[in-house]
Amino acid sequence: MISNFIKTIWRNIKRSKTFSLLNIIGLAIGITCAALIFLWVEFYLNFNSSIKNLDNLYNVKNTQTYGKDVYTFSSTALLTKDILENKLSGVVSVSRYNSYGATLSIGEKYVSQNGAYVDSVFMDMFDFPMVSGNRSKALNQKNQIAISEEVANTYFEGQDAMNKTIMVDKQPFIVSAIFHKRAKDASFKNINFLIPFDVFYAPHKGQPEDIWGNNWTDTWVLLNPKVNLENVNKQLQSYIKKTYPESNNSIFLYPLNKMVLYGQFVNGKEDVSLGMIKYVKMFSLIAMIILVIACINFMNLSTARSEKRAKEIGIRKVLGSGRKELIGKLLMESIVIAYISVMVAIFITALILPLFSNLIHVPLKMDLFKTPHLVFLLVIGLFAGLIAGSYPALYLSSFNPISALKRQVYKIGGGAVNIRKVLVVFQFAISIIIIFSMIVIYQQIQYSKKRDFGFDKNNILAIDLTPTLQQNFASLKQNILKTNLASDVTESSASPMDMYSNGGGYQWKGKNENENILITVVATDNSFANTFGIKLKSGRNFSSSSSQDSGNVIINESLARLMGKEGHIGAQLRQGDGPVYTVIGITQDFVYNDMNKLKPDPLIF
């Protein structure tokens, strides 16, 4: 029975090679597009799933109010760890986290690496996969360092790196643990080394930086799974209000398992419509639309050739085949073609997946032996077969046997023609909408790439400024300029792409003292404006002698407008009870951080 059925399907495919090829390739392309999109969706839906404590890990968020605006940051005060450990119940462990780019060296081998300052519990909290060493004790001493297997192989070339000395910005550290780098679909995937947080904290302990309101570090918390998050946040906010009543900072715990897909806040409240989830939903819908279009294409081709199959249907009915039996056979034929399309789609996907992953900078993998992938392929074949074959099966099985044998189907096929017209119109309408949307998106991307940012982004090379480079910057700059390969060199606390250091409490003549405004602050030298091609609207640049301008600042047009009458050269401003600064220059507005933003936020150099 089954062998006869398969032979019949094979004969039908061979009899109409062009039709069958069009159907198989059409469905295969649709399934391939959907598969690529769903692999991308899977990547983000499963992000951080490799972390054992995922459901109990939280990032401490910091809400600050400036005037009518409420901002939410991940940066917190150094004191946050002590508050969480000593004042809250249900906290298992807390770790601070500061990213740290440094030069690791042994002998004459110097390589810049990405790392972080963390507390000793950090590796346990995030379930770092270990090669060797005890992750619970790896960062108990200030001179200890945990390195990735990649770093161990780079510096020790196959030797056992444990207990060996490695220099971090010329400071010696003992290798106490070696870990596997996190997977690409996990947080901290680019970390190559970890150093005890006390190394960073020591110089700031007891200093002005070590007070509530000065936010320097990320803070991560592991809660007891039995604890209610809402109650913990209420405890936390109540304590902050009592202890720091004048502060505009309010902190709360936010789940790690929501950070990648959600984690967007508007005026201090989470907006679940924003974040990566918006794109996950949108592209999932697009994948389904592509599949539907491919299925409609299948339906149209099947009904268009109905006259050719009319005689076959008529004979089957004369020989006793009932309508249900015919529908079943036609649907099975459609499902078989759909699964052939799935196999072709697997081949196409395997070919283009590396190129697609490289294009979108997301490491996607297709694993046929992975249960979700196997289920997806089985379901997608069944779905496409049933959807694509349903109407042709119902339509073909409805033929009157006498009319079918006389090939008079066209006389009764008006309904099919009308439905086919509707499907074609729908197919083209959706395709035109998608194409039009892509044109608009492309134009928006081109606008963002080609618009005048107010600074020159071409031929700029940025390097993390390590303590060693900073100490020897004058010599470094002089030697770079001697090569005649660079027109200028500057040092600053940030580039226009990542100016995220900011603060409030600034006052100037005529400003409402009760109005608090968040202002971005960048520390830089006299070459910054020239290096980035930022033009001065009025005033002058910093001088080459930093001591000469230690009490001076340069502001942007946005801040000058905000200052009103005081937005001019010679105006004075101060932050809280700090020193008074004099405005010596005003730059023309330039875009920073958000390349799609029309007007930049106020800024002080």
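Peer 1: Can you walk me through the overall build of the chain in this structure?
Peer 2: Per the secondary structure count, the chain includes 19 helices and 22 strands. Sorting the 605 residues of the chain into buried and exposed places 42% on the buried side. For the chain, contacts bridging at least 24 residues in sequence account for 72% of all contacts bridging at least 6. Accessible surface for the chain amounts to roughly 32500 Å². Of this, 57% is attributable to carbon and sulfur atoms.

Peer 1: How should I be thinking about the packing of aromatic side chains in this particular structure?
Peer 2: Ring pairs (aromatic) are described by centroid distance and by the angle formed between their planes. The full count for this structure, using the stated rule, is 33 aromatic pairs. The interplanar angle of 15° and the centroid separation of 4.5 Å between the aromatic rings of tyrosine 100 and tyrosine 117 together place this pair among those described as stacked. Of the two residues, tyrosine 100 sits in strand 4 (residues 91-106) while tyrosine 117 sits in strand 5 (residues 109-118), which places them 17 residues apart along the sequence. Grouping residues by exposure puts tyrosine 100 and tyrosine 117 together as buried. With a centroid separation of 6.0 Å and an interplanar angle of 50°, the aromatic rings of phenylalanine 590 and tyrosine 592 are classed as tilted. Each member of the pair phenylalanine 590 and tyrosine 592 is classed as buried. Aromatic ring contacts, followed pair by pair, group Tyr97, Phe122, Phe126, Phe128, Phe179, Phe188 and Trp220 into a single cluster. The lysine or arginine in question, arginine 96, covers the ring of tyrosine 201, its NZ or CZ lying 5.1 Å from the ring centre. Taking the ring centre of phenylalanine 128 as reference, the NZ or CZ of arginine 182 above it sits at 5.0 Å.

Peer 1: What am I meant to see in the pattern of salt bridges here?
Peer 2: Counted by the stated rule, this structure contains 13 salt bridges. Across the pair glutamate 150 and lysine 181 runs a salt bridge whose closest N-O atoms are separated by 4.0 Å. Here glutamate 150, found in helix 5 (residues 149-156), pairs with lysine 181, found in the loop between strand 9 (171-179) and strand 10 (193-196); they are 31 residues apart in sequence, far enough to count as distant. The class for lysine 181 is partly exposed, based on a relative accessible area of 27%. Each of Asp124, Asp127 and Arg135 takes part in salt bridges that share partners, so that together they form one network.

Peer 1: Where do I start with the pairing of strand 20 (residues 572-575) in this structure?
Peer 2: Taken residue by residue, a regular strand's side chains alternate between the two faces of the sheet. Note that strand 16 (residues 506-508) and strand 20 share 3 bridges and pair antiparallel. Paired with glutamine 507 across the bridge in strand 20 is arginine 574. Relative to strand 21 (residues 580-587), strand 20 is paired through 3 bridges, and the arrangement is antiparallel. The partner of arginine 574 across the bridge, within strand 21, is valine 580. What sits between strand 20 and strand 21 in their antiparallel hairpin is a turn of 4 residues, with glycine 576 showing a positive phi close to 60°.

Peer 1: Explain the pairing of strand 10 here, please?
Peer 2: Here strand 10 shows two buried faces, one formed by Phe193 and Ile195 and the other by Leu194 and Pro196. As paired elements, strand 5 and strand 10 share 4 bridges and run parallel to each other. In the strand pairing of strand 10, glycine 115 is matched with phenylalanine 193.

Peer 1: Explain the environment of serine 284 to me, please; I cannot follow it from the model alone.
Peer 2: Within the secondary structure, serine 284 sits in helix 9 (residues 276-304). Put simply, serine 284 and tryptophan 40 are 244 residues apart on the chain and 9.5 Å apart in space, counted from C-alpha to C-alpha. Those residues in contact with serine 284, other than ones at most four positions away along the chain, are Ile37, Phe38 and Val41. One polar contact links the side chain of serine 284 to the main-chain carbonyl oxygen of valine 280, over a distance of 2.7 Å.

Peer 1: Where do I start with the environment of serine 247 in this structure?
Peer 2: Mapping serine 247 onto the fold places it in the loop between helix 7 (229-243) and strand 12 (249-255). Spatially, the C-alpha atoms of serine 247 and tryptophan 212 are 8.1 Å apart, while their sequence positions differ by 35 residues.

Peer 1: Please explain the nonpolar core as it appears in this structure.
Peer 2: General note: in soluble globular proteins, nonpolar side chains tend to be found buried as a group. Ranked by size, the top nonpolar core spans 24 residues in total, and within it Trp40, Tyr44, Val280 and Leu364 carry the most contacts. Every element with two or more residues in this core is listed here: helix 2 (17-45), helix 9, helix 11 (323-360) and helix 12 (371-396). Looking at this core, the element that brings in the most residues is helix 2, giving 10 residues. Discounting residues that sit within four places of it in the chain, tyrosine 44 has contacts with Val260, Leu261, Met276, Val280 and Val362. Counting residues in each nonpolar core, the second largest holds 23 residues, with Leu78, Ala102, Tyr117 and Phe173 among its members.

Peer 1: Please explain the side chain of lysine 511 as it appears in this structure.
Peer 2: Summarising the element assignment, lysine 511 is placed in the loop between strand 16 and strand 17 (519-521). Although lysine 511 lies buried, it forms no salt bridge, and the closest oppositely charged side chain, glutamate 515, sits 5.4 Å away as judged by the N-O distance. In this structure the side chain of lysine 511 is engaged in a polar contact, spanning 2.2 Å, whose partner is the backbone oxygen of glutamate 515. Setting aside residues up to four positions removed in sequence, lysine 511 forms contacts with Tyr506, Asn516 and Ile517.

Peer 1: When you look at the environment of glutamine 575 in this model, what are you seeing that I'm missing?
Peer 2: Inspection of the secondary structure puts glutamine 575 in strand 20. Each C-alpha atom, one on glutamine 575 and one on glycine 503, is 8.8 Å from the other, the two residues being 72 residues apart in sequence. The contacts of glutamine 575, once residues within four sequence positions are left out, are Gly503, Gly504, Gly505 and Tyr506.

Peer 1: How should I be thinking about helix 3 (residues 80-87) in this particular structure?
Peer 2: Since one α-helical turn is 3.6 residues long, residues separated by three or four positions face the same way. Every buried residue of helix 3 is listed here: Thr80, Lys81, Ile83 and Leu84. The buried residues of helix 3 all sit within an arc of 165° when viewed along its axis, so they share a single face. Here the buried face of helix 3 lies against strand 1 (57-66), strand 3 (76-77), strand 4, strand 11 (215-223), helix 7 and strand 12.

What counts and how
- Residues numbered from 1 in each chain as written.
- Predicted model: local features only at pLDDT ≥ 70, side-chain atom pairs only at ≥ 80, totals over all residues.
- Heavy atoms only, no water.
- Helix = DSSP H or I, 4+ residues; strand = E, 2+ residues; numbered from the N terminus.
- Buried < 20%, exposed > 50% of the residue type's maximum accessible area, 1.4 Å probe, protein only.
- Contact = heavy atoms within 4.5 Å.
- Areas by Shrake-Rupley, 256 points an atom, 1.4 Å probe, with all protein chains shown as cover.
- Phe/Tyr/Trp six-rings, centres within 6.5 Å; stacked < 30°, edge-to-face > 60°.
- Lys NZ or Arg CZ within 6 Å of the ring centre and 35° of its normal.
- Salt bridge = Lys/Arg side-chain N within 4 Å of Asp/Glu carboxyl O.
- Pairing = 2+ DSSP bridges.
- Polar contact = N/O pair within 3.5 Å; in protein donor to acceptor, adjacent residues only side chain to side chain.
- Core = buried A, V, L, I, M, F, W, Y, C linked by side-chain atoms within 4.5 Å.
- Lys, Arg positive; Asp, Glu negative; His and termini not counted.
- Arc of directions from axis to C-beta.

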